[in-house]
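# Examination of the molecular architecture
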Amino acid sequence: MRIFLIATLLWGAASRLAGQWYAGVEISATRYGGSSHDTASTHAASQGRPGDATALHLRVGRNWRRYGIAVRVARSKPGLAVTGHGVNLTDKTGGGLTEVATIASARVGGIGPSGAVRMEFGPALHLWHFENDVRSRVGANGAVVYEWLFDGRLTASVRVEGMLSKSWFDPGDVPPEYERQVTWRYGVGLGLRYRP
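Residues numbered from 1 in each chain as written. Predicted model: local features only at pLDDT ≥ 70, side-chain atom pairs only at ≥ 80, totals over all residues. Heavy atoms only, no water.

### Here's the deal with the overall build of the chain
Counted only if it meets this: Counting from the N terminus, the helices are DSSP H or I runs at least four residues long and the strands are E runs at least two residues long. Accessible area is worked out with a 1.4 Å probe on protein chains only. A residue is then buried under 20% of its type maximum, exposed over 50%, and partly exposed in between. Note on contacts: a residue pair qualifies if any of its non-hydrogen atoms lie within 4.5 Å across the two residues. Note that accessible areas follow from Shrake-Rupley with a 1.4 Å probe, and for residues the cover is restricted to the protein chains shown.
When you go through the chain residue by residue, the secondary structure sums to one helix and 11 strands. Ordered by position from N to C terminus, the α and β elements of the chain give α-β-β-β-β-β-β-β-β-β-β-β. By residue count, 40% of the 196 residues in the chain fall in the buried class. At a minimum sequence separation of 6, the contacts of the chain that also span at least 24 residues come to 63%. As displayed, the chain has an accessible area near 11000 Å², and 66% of this comes from carbon and sulfur atoms.

### Here's the deal with the nonpolar core
Generally speaking, a soluble globular protein has its nonpolar side chains buried in company with each other. Let me state the cut-off plainly: As used in this record, nonpolar core signifies buried Ala, Val, Leu, Ile, Met, Phe, Trp, Tyr and Cys residues forming a set joined through side-chain atoms within 4.5 Å.
Ranked by size, the top nonpolar core spans nine residues in total: Tyr32, Leu97, Trp128, Phe130, Met163, Trp168, Phe169, Val174 and Tyr178. Excluding residues within four positions of it along the chain, Phe169 makes contact with Ser35, Ser36, Gly48, Arg49, Leu80, Trp128, Phe130, Arg135, Arg137, Val174 and Arg180.

### Some thoughts on the packing of aromatic side chains
Worth spelling out the cut-off: By convention, a stacked pair of Phe, Tyr or Trp rings (six-membered ring in the case of Trp) has centres within 6.5 Å and planes under 30 degrees apart, an edge-to-face pair has planes over 60 apart, and any other such pair is tilted.
Scanning the entire structure with this criterion turns up four aromatic pairs. An aromatic cluster of three or more residues is present, and its members are Tyr32, Trp128 and Trp168.

### Focus: the environment of Leu125
By secondary structure assignment, the location of Leu125 is in strand 8 (residues 115-130). You can call Leu125 partly exposed: its relative accessible area is 35%. Linking Leu125 and Gly139, residues 14 residues apart in sequence, is a C-alpha distance of 6.4 Å.

### A closer look at a nonpolar patch on the surface
Test applied: Patch criteria: residues need more than 30% relative accessible area and no salt bridge. Like-charged residues are merged within 9 Å; nonpolar side chains of Val, Leu, Ile, Met, Phe, Trp and Tyr are merged within 5 Å. Whenever Lys or Arg places a side-chain nitrogen within 4 Å of a carboxyl oxygen from Asp or Glu, that contact is recorded as a salt bridge.
Nonpolar side chains collect at one region of the surface, where Ile27, Leu56, Val158, Val160, Val188 and Leu190 lie side by side and expose about 520 Å² of accessible area between them. Every element with two or more residues in the nonpolar patch is listed here: strand 10 (154-165) and strand 11 (178-194). Its place among the elements puts Val188 in strand 11. Accessibility expressed as a relative area gives 47% for Val188, which makes it partly exposed.

### Notes on the confidence of the model for the chain
The cut-off we apply is this: You can read pLDDT as the predictor saying how much it trusts each residue, on a scale of 0 to 100.
Per-residue pLDDT for the chain averages 82, and the proportion of residues at 70 or more is 87%. The low-confidence segment residues 7-12, where pLDDT is below 50, has zero contacts with residues more than four positions distant or belonging to other chains.

### Some remarks on the pattern of salt bridges
Pairing between side chains of opposite charge can happen when the charged atoms of each approach one another. Here the structure, examined in full by the defined rule, presents 13 salt bridges. A salt bridge links Glu120 to Arg59, with the shortest nitrogen-to-oxygen separation between them at 2.7 Å. Taken together, the residues span a long stretch of sequence, with Glu120 in strand 8 and Arg59 in strand 3 (residues 53-63) at a distance of 61 residues. As far as the burial class goes, Glu120 and Arg59 line up, both buried. Here Glu99 ties to Arg185 by a salt bridge, and the two come within 2.7 Å at their closest N and O atoms. Taken together, the positions of Glu99 in strand 7 (residues 96-111) and Arg185 in strand 11 put the pair 86 residues apart, joining distant regions of the chain. In this structure Arg185 comes out as buried when scored by relative accessible area, which is 4%.

### Observations concerning the side chain of Ser28
Basically, it comes down to this: Polar contacts, as counted here, are pairs of nitrogen or oxygen atoms within 3.5 Å of one another; within protein the pair requires one atom able to donate a hydrogen and one able to accept it, and residues that are adjacent in sequence qualify only if both atoms are side-chain atoms.
Mapped onto the fold, Ser28 is located in strand 1 (residues 21-38). Side chain to side chain, Ser28 and His57 meet in a polar contact 2.8 Å long. Sequence-distant contacts of Ser28, defined by excluding residues within four places in its chain, comprise Ala53, Thr54, Ala55, His57, Glu161, Val188 and Gly189.

In structure tokens form, the structure reads like this:
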């Protein structure tokens, strides 16, 4: 009887721990800004930056009652955009992006019986493949997420996020009259997670 009781308790604890892990996929529309700006106003297009892109994310994480942690890997093709004064040209032949982010989250509220509002923050490594070179930058991500039980073990989410990092251009990438600036991004995404 004692062995049965211990086995039942261990099974229950293991089930609860396993149920807190999840894996998910996300898709988001992103818009970039900053990176470089023409300080002399000599060019028709005064800003050089990564272009807007659709990003695909894979995510693995674990939630406790209120807090959580996750690792997210994303891939997109922002290319290079030159914008300003009504001009917007984007070259998508280069400028692929791989992003690896570590995310800490906290539940800050709820909507409805199964909905949760979470705040997320964490560092991210950006690997921008530009002109046969890889530029690595460390940045910070932040997001507000609404998630709800979709079906059984599936959870759906809507995310509004932002990112800041050092300029993605090196000093030799831009003409002398251009000033490098912080690269920023905002995006809106949809996600689906599976909890075993």
